[in-house]
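Summary of structural features
Listed below are the residues making up each chain.
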Amino acid sequence: MTTNATTPATGTAPAAPGAAHRLPNGELRRMVAELLTQQPANAGLTAGAAARLLNRSSGAVGNALETLATRGEADYMGHPSRAYRANANTPAAAATAVISTRTTDPATSDSATPPAPVTPKRCPGPKKAAAPALVTAPVRRPNGQLYHPRKLAGSSDVTVLRRLRHNKIPSLLYGPPGTGKTSLVEAAFGDAVTLPGDSDTTVDDIVGGYVPTSGGTYEFAHGPLVTAMREGRAFFIDDFTLIPAPVLAVVYPVMDGRGHITIKANNWERVDAAPGFYVVGGHNPGVHGAVLSPALASRFRVKIEVTTDYDLAARIGVDPKVVRVAKNLAGRQKKGEIGWAPQMRELLAAKDTATALDPMTAAGNLIAAAPEEDQDIVADVVRNVFGAHVAPLTVGEQF
């Protein structure tokens, strides 16, 4: 696997001739936002293309696009296009006024009149970027599906994650499989690089390793962590508690403020995190082998439980009977009577199965989805709601 050191979609075009002219703070971002609003609906624009249109450097334009996406004022479309597109917040970003401190054009000013003395003022320093805006409308994930934001901490879950990233606070999402942790991350961070974790994950899987070349030699190919660091993207470690602790320790330096890692296998190469880089983890406490060590837990400074929103499931078209079954089983699970209950993933599968086949088949599939040790209780609950004849799919005799 190979990677480059540019920001997403920046390309490799050299700085444009006009890039030397310095713009007021925020003006390039406004210009880029305005350019996005001029594109056809849902059309994407890469940093390289935008840089050519604006006659600015692709690196600066790429940073402006990434900032817009982080603030929720544009959407990153992901691979393979590496393009950005306007969203509902982009017009406001494009209309933001930028006040220039220059009031007289040097080319037309009277050179015979000496300028008035200027009293030196203390430089206020760089202005911190505004916190990401509140997001309550559905957000389109890279796979095209819509994510419906849920309430969290007096805001929405998408907004909370974006603001944690804005303030460089690593976060941990935990909850049963299928509750929507991955969907939430993809909705909050359209630029996320995902590492699926398991017990076989190695350091090479995270930072990279040597791979054979066509010439019979070996070269070092950087891994997903390096890609996210260099491009200033979010790095999502899914099921990170299944990864052996000594392996996962390679990520610690970028979670505790140091902002860089050292790749021993590649001649002690140092990799620094670009602005925007962010670490978020997913944890399934009930999965066999998942261990949340104190060293790791302390590095995720904010921990967010992700549960299934059964009311949302009903609103997006899941059969009310299926929702009733899920609520019943969730209540029993909470009491310790059962170890499994359908989560959003199973509810959406039931919806799709009912559409493709029929509701009774979808109900029977809920029984089949349950772990073997819980199937008797699940079957009783399903049949109490749908009828005694509901059963999992079984291939019968030949026609």
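This report concerns the structure included in the present document. (Residues numbered from 1 in each chain as written. Predicted model: local features only at pLDDT ≥ 70, side-chain atom pairs only at ≥ 80, totals over all residues. Heavy atoms only, no water.)

**Some details on the overall build of the chain**
As a reminder, the rule being used: Elements are defined by DSSP. Helices are runs of H or I of four residues or more, strands are runs of E of two residues or more, and each kind is numbered from the N terminus. Accessibility here uses a 1.4 Å probe with only protein chains present; expressed as a share of the type maximum, an area under 20% marks a residue as buried, one over 50% as exposed, and anything in between as partly exposed. Throughout, a contact is declared for two residues whenever any of their heavy atoms are within 4.5 Å. Here the Shrake-Rupley method, with its probe set to 1.4 Å, supplies the accessible areas, and only the displayed protein chains count as covering residues.
Counting secondary structure elements, the chain contains 15 helices and 15 strands. Of all 399 residues assigned to the chain, the portion counted as buried reaches 44%. Counting only contacts in the chain whose residues sit at least 6 apart along the sequence, the fraction spanning at least 24 positions is 68%. Accessible surface for the chain amounts to roughly 21700 Å². Of this, 54% is attributable to carbon and sulfur atoms.

**Things to note about the sheet that holds strand β11 (residues 234-238)**
Our working rule: The rule for pairing is simple: two strands pair if DSSP sees at least two bridges between them. Here an angle of 0 to 180 degrees is reported between the N-to-C directions of two axes, which are lines fitted to C-alpha atoms, with helices fitted over the stretch in contact.
Taken together, five strands build an open sheet; the order of strands is β8-β11-β14-β7-β15 and the sheet is parallel. At either end of the open sheet lies a strand with only one pairing partner, and these are β8 (193-196) and β15 (302-305). Along the sheet, successive strands turn relative to each other by an average axial angle of 20°, direction set aside. With four bridges connecting them, β8 and β11 associate as parallel partners. From the neighbouring strand, leucine 195 faces β11, where its bridge partner is isoleucine 237. Relative to strand β7 (residues 171-174), helix α6 (residues 181-188) is tilted by about 145°, and along the sheet it contacts β7, β11 and β14 (278-283).

**Examining the nonpolar core**
Convention followed: Among buried residues, the Ala, Val, Leu, Ile, Met, Phe, Trp, Tyr and Cys ones that are joined through side-chain atoms within 4.5 Å form a nonpolar core.
Among the nonpolar cores identified, the biggest contains 28 residues, and Ile206, Leu225, Phe235, Ile237, Val251 and Ile261 are the most heavily contacted of them. Contributing elements (two or more residues each) for this core: β8, α7 (203-207), α8 (224-231), β11, α9 (245-248) and β12 (260-263). Here the element with the most residues in this core is α8; it accounts for four residues. Those residues in contact with leucine 225 that lie beyond four places of it in its chain are Ile206, Val207, Phe235, Val250, Val251, Ile261 and Phe277. If you look at the next biggest cluster of nonpolar residues, it comprises 27 residues, including Val325, Ala341, Ala350 and Ala362.

**Side note on the pattern of salt bridges**
Note the following rule: For this analysis, a salt bridge means a side-chain nitrogen from Lys or Arg found within 4 Å of a carboxyl oxygen belonging to Asp or Glu.
Taken as a whole and judged by the stated rule, the model has 13 salt bridges. The closest approach of N and O atoms between arginine 165 and aspartate 191, which form a salt bridge, is 2.8 Å. Placement of the pair is arginine 165 in helix α5 (residues 157-166) and aspartate 191 in the loop between α6 and β8, with a sequence separation of 26 residues. Given the relative accessible area of 6%, arginine 165 is considered buried.

**Quick look at the layout of surface pockets**
Put simply, the rule is: Using a 1 Å grid laid over the protein atoms alone, points where a 1.4 Å probe fits but cannot get out form a cavity; open sets with protein on both sides within 12 Å along at least 5 of 7 lines form a pocket; any residue with an atom within 4 Å of a point counts as lining. Grid points are joined across faces, edges and corners, and a volume is the space filled by probe spheres set on the points. Under the scheme applied, nonpolar residues are Ala, Val, Leu, Ile, Met, Phe, Trp, Tyr, Cys and Pro; charged residues are Asp, Glu, Lys and Arg; polar residues are all the others, including Gly.
The computed volume of the second largest pocket comes to approximately 640 Å³. Around the second largest pocket, the lining is made up of 23 residues, and of these Arg141, Gln145, Ser183, Met344 and Leu348 lie nearest the centre. Those elements that place two or more of their residues in the lining of the second largest pocket are β4 (146-147), α6 and α13 (344-356). Tallying contributions element by element places α13 first for the lining of the second largest pocket, with five residues. Taken together, the residues of the lining of the second largest pocket sort by class into seven nonpolar, eight polar and eight charged.

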